[in-house]
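# Structure at a glance
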Amino acid sequence: MKLILLGAPGAGKGTVAKLLTKLDDSVQISTGDILRSAVAAGTELGKQAQSAMRAGDLVSDDLIMSIMEERLQEDDCKSGYLLDGFPRTIPQAEALKKLLDRMGEKLDAAVEIDVARDVILERLTTRRTCTGCGAIYNIKSNPTKIDGVCDKCGESVVQRDDENEKAISNRLNVYNDQTAPLVSFYKNEGLLLSINATSSDTVINIIKEKIN
Ligand code: AMP
């Protein structure tokens, strides 16, 4: 499967992408995870991305495109990919279109996961993320067995530094201003599949039904 997952922060793109990787050999590619690893490792890329990320702003299109041009040409992408958090601006979507044309590839769909703002706010403020494997927890609906310790890898589970109230509100505004226009972009491309559901299992079932 070659899919773009669109949706506001907290809509469930990462969770849905992880579940979809179990259906075939597609890989999840999260630009947020790539950038967070670069920040944690203190690389040049991480240094360039860190301040924008902390404020909930977007990293530059050029930086993101240079990461994605390389990533999409790696061998594991041949059997499919689930783009989680990319593209996030019209220039990124246009650059992706040109890149895929050059590579002779076509997307199956751009899936919009549409979730109400109050649900998103509640999810983001209670979300916790593993610093080791990236597993996602929620202090209310899906807590770790031991407080602050990942069930899967034993590393610490923390609140992301862009998940304080100020950064969350900025990320949602940035989504509305810069990323939401991609819904019309992919509608015009004839690729949009819009799903209004809060349960990731429902989202997966609709994708399976419409795409396979
Ligand atoms: P995410 O984990 O997808 O919410 O991404 C976390 C942060 O990484 C975002 O708030 C941005 O600062 C940055 N980021 C991730 N993907 C992109 C992208 N495609 N374009 C620009 N910035 C991005």
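Here is what the cut-offs are and how they apply
- Residues numbered from 1 in each chain as written.
- Predicted model: local features only at pLDDT ≥ 70, side-chain atom pairs only at ≥ 80, totals over all residues.
- Heavy atoms only, no water.
- Phe/Tyr/Trp six-rings, centres within 6.5 Å; stacked < 30°, edge-to-face > 60°.
- Buried < 20%, exposed > 50% of the residue type's maximum accessible area, 1.4 Å probe, protein only.
- Salt bridge = Lys/Arg side-chain N within 4 Å of Asp/Glu carboxyl O.
- Near = heavy atom within 4 Å.
- Polar contact = N/O pair within 3.5 Å; in protein donor to acceptor, adjacent residues only side chain to side chain.
- Areas by Shrake-Rupley, 256 points an atom, 1.4 Å probe, with all protein chains shown as cover.
- Helix = DSSP H or I, 4+ residues; strand = E, 2+ residues; numbered from the N terminus.
- Nonpolar A, V, L, I, M, F, W, Y, C, P; charged D, E, K, R; others polar.
- Core = buried A, V, L, I, M, F, W, Y, C linked by side-chain atoms within 4.5 Å.
- Pairing = 2+ DSSP bridges.
- Contact = heavy atoms within 4.5 Å.
- Axes fitted to C-alpha atoms, helices over the stretch in contact; angles between N-to-C directions.

## Remarks on the packing of aromatic side chains
Considering all chains together, one arrives at one aromatic pair under this definition. Ring plane angle 80 degrees and centroid distance 4.9 Å describe the contact between Phe 185 and Tyr 186, whose orientation is recorded as edge-to-face. With a relative accessible area of 3%, Tyr 186 lands in the buried category.

## Quick word on the pattern of salt bridges
Here the structure, examined in full by the defined rule, presents 14 salt bridges. In this structure, the salt-bridge partner of Glu 163 is Arg 171, at a minimum N-O distance of 3.4 Å. An identical accessibility class is assigned to Glu 163 and Arg 171; each is buried. Bridged by salt links that share partners, the residues Arg 127, Arg 160, Asp 162, Glu 163 and Arg 171 form one connected network.

## Brief notes about the site of the ligand
Taken together, 16 residues surround the ligand, and among them Thr 31, Arg 36, Asp 57, Arg 88 and Gln 92 come closest. A distance of 3.1 Å is found between a nitrogen atom of the ligand and a backbone nitrogen or oxygen belonging to Val 59. With respect to the ligand, the side chain of Arg 171 contributes an N or O atom lying 3.3 Å from an oxygen atom. The protein chains hide 96% of the 480 Å² of surface that the ligand would expose on its own. Considering every element that reaches the shell around the ligand, the biggest residue donor is helix α2 (residues 31–41), with four residues. Here the residues of the shell around the ligand are counted per class, giving six nonpolar, four polar and six charged.

## Re the nonpolar core
Generally speaking, nonpolar side chains in soluble globular proteins are found buried as a group. Leu 72, Tyr 81, Leu 83 and Tyr 186 are the most contacted members of the largest nonpolar core, which has 30 residues in total. For this core, the secondary structure elements donating two or more residues are β1 (2–6), β2 (27–30), α3 (44–55), α4 (61–71), β3 (81–84), α5 (90–103) and α8 (181–188). Core analysis: the second largest hydrophobic core is formed by 24 residues, Met 1, Ala 11, Leu 193 and Ile 195 among them.

## Regarding the sheet that holds strand β6 (residues 136–138)
The antiparallel open sheet is built from three strands, whose spatial order is β6-β5-β7. Of all strands in the sheet, those with a lone pairing partner are β6 and β7 (157–158), marking the two edges. Sheet topology note: the strand β5 (residues 127–130)/β6 ladder contains three bridges and is antiparallel. Opposite Thr 129, over in β6, you have Ile 136 as the bridge partner. Those strands touched by helix α6 (residues 117–126) are β5 and β6, and its axis lies near 45 degrees from that of β5.

## Describing the side chain of Arg 71
Looking at the secondary structure, you find Arg 71 in helix α4. Residues within four places of Arg 71 in sequence aside, it is in contact with Val 27, Ile 29, Asp 76 and Cys 77.

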